[in-house]
Amino acid sequence: MCRLELAGLEKTYGSKKQEKRAVQNLTAGFAHGVYGLLGENGAGKTTLLRMIVGILKPTQGQITCDGIPIGQLGGAYRNLLGYLPQDFGYYKEFSAVRFLNYIAALKAVEPNTAKERIEQLLETVGLTEERNKKLKTFSGGMLRRIGIAQALLNEPKILILDEPTAGLDPRERVRFRNIISALGKDRIVILSTHIVSDVEYIADQIMIMKHGQLIKTGTQAQILEPVVGCVWNCIVPVKTADELNATYAVSNLRNFNGDYNKNNSGEYDAMNVGNHGEQVEFRIVSREKPHPEAVEVEPVLEDAYLYYYI
Ligand SMILES: Nc1ncnc2c1ncn2[C@@H]1O[C@H](COP(=O)(O)OP(=O)(O)O)[C@@H](O)[C@H]1O
Ligand SMILES: [Mg+2]
């Protein structure tokens, strides 16, 4: 088990004239578990992860592993790392098993150990049957799974996955979440994404990044706590919808045809009693009650993400 610390980390791209502060004064610590790094495109996630794996040098600040700067650790640190880059490249003509053997050789894994480990990893990522198929025939989900397998070849203590679910269909997403969740038991897994549901069920810690800064870090409960009392559900006629939409942060919106009543617990029930024209159901994130008819509801991570981002 190791401990990773980032202290006052900064990365500025470009010249003085056209500076881009991609990561700003970022301080964080990681022990074992799954860390979900959440942020919109351009927030600085890839820049941060590239600094953590040591392929990008910070403009300022320090990264230490068990108290020692990673630059000093050199190869010993690289041996602890597994990395799936956002733009994961692969060799189209290679079969799955050949590709893994190739990466194992690059990582200097001893051949007999590699053989055994490759079998295990193919099993873990569910590609044993496709082992001899060429990578060019793989779906996006299969490629991402082989990407994880290659990152795991050296049994890393720190696993960095940059947008590993990009381009996956919903079923592949679920499968992926299950694999990653199991991996966080005895290592640090840092997973970046701009999709809230990718980390909602598997991350022990959520880190929300915006404009190069960490704007919120904590467990799901800690992230949700300040948002309690700020999420509302209301159903309004379509003519009022535009106004609500323009005034408030809307986390969800649904069009209805029909009439709706509240039930005893204050939730809306779809009742097919007459048709009062088209209505719109809003889920709104707001400190104040957005509408006289609005009902307070429990926040979920998606609401919280919106709350911190606005
Ligand atoms: N090599 C680079 N040169 C200049 N600007 C860059 C470079 N890489 C990234 N950026 C800029 O830095 C910011 C953060 O990018 P990135 O780390 O890729 O964010 P994310 O992974 O969250 O989408 C963006 O504004 C991006 O345009
Ligand atoms: Mg990125």
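Residues numbered from 1 in each chain as written. Chains lettered and ligands numbered in written order. Predicted model: local features only at pLDDT ≥ 70, side-chain atom pairs only at ≥ 80, totals over all residues.

**Side note on the site of ligand 1**
Definition in use: Using a C-beta atom placed from the backbone, a residue is scored as near a molecule or strand whenever that atom is within 6 Å of it. Strands here mean DSSP runs of E at least two residues long; helices mean DSSP runs of H or I at least four residues long; both are numbered from the N terminus. Gly falls in the polar group here, along with every residue not listed as nonpolar (Ala, Val, Leu, Ile, Met, Phe, Trp, Tyr, Cys, Pro) or charged (Asp, Glu, Lys, Arg).
In the vicinity of ligand 1, the contacting residues are Tyr13, Gly14, Lys20, Ala22, Gly39, Asn41, Gly42, Ala43, Gly44, Lys45, Thr46 and Thr47. Of all the secondary structure elements, the ones that give two or more residues to the shell around ligand 1 are β2 (20-30) and α1 (45-52). It is α1 that contributes the most residues to the shell around ligand 1, 3 residues altogether. Within the shell around ligand 1, the residues separate by chemical class into 3 nonpolar, 7 polar and 2 charged.

**Details of the sheet that holds strand β9 (residues 205-210)**
We count it as follows: A pair of strands is treated as paired once DSSP finds two or more bridges between them. Geometry is summarised by axes, namely lines fitted to C-alpha atoms with helices restricted to the contacting stretch, and by angles between N-to-C directions that run from 0 to 180 degrees.
An order of β6-β7-β8-β3-β9-β10 is seen for the 6 strands of this open sheet, with the pairing classed as mixed. Each edge of the open sheet carries a strand with a single partner, namely β6 (81-84) and β10 (213-218). Averaged over all pairs of adjacent strands, the angle between their axes in this sheet comes to 15 degrees, without regard to strand direction. Pairing of strand β7 (residues 158-162) with strand β8 (residues 188-193) involves 5 bridges; the strand directions are parallel.

**Describing the domain arrangement of the chain**
Worth spelling out the cut-off: Note: domain ranges come from an automatic or database domain assignment. Two residues form a contact once the distance between their C-beta atoms, set from the backbone, is within 7 Å.
For the chain, the domain assignment lists domain 1 (4-224) and domain 2 (226-309). Measuring from the centre of the C-alpha atoms in domain 1 to the corresponding centre in domain 2 gives 37 Å. Opposite the 10 residues of domain 1 that make contact, domain 2 presents 9 residues. Of all the elements in the fold, those that place two or more residues in the side of domain 1 that touches domain 2 are α8 (196-200), β9, β10 and α9 (220-224). Split by residue class, the side of domain 1 that touches domain 2 holds 6 nonpolar, 1 polar and 3 charged.

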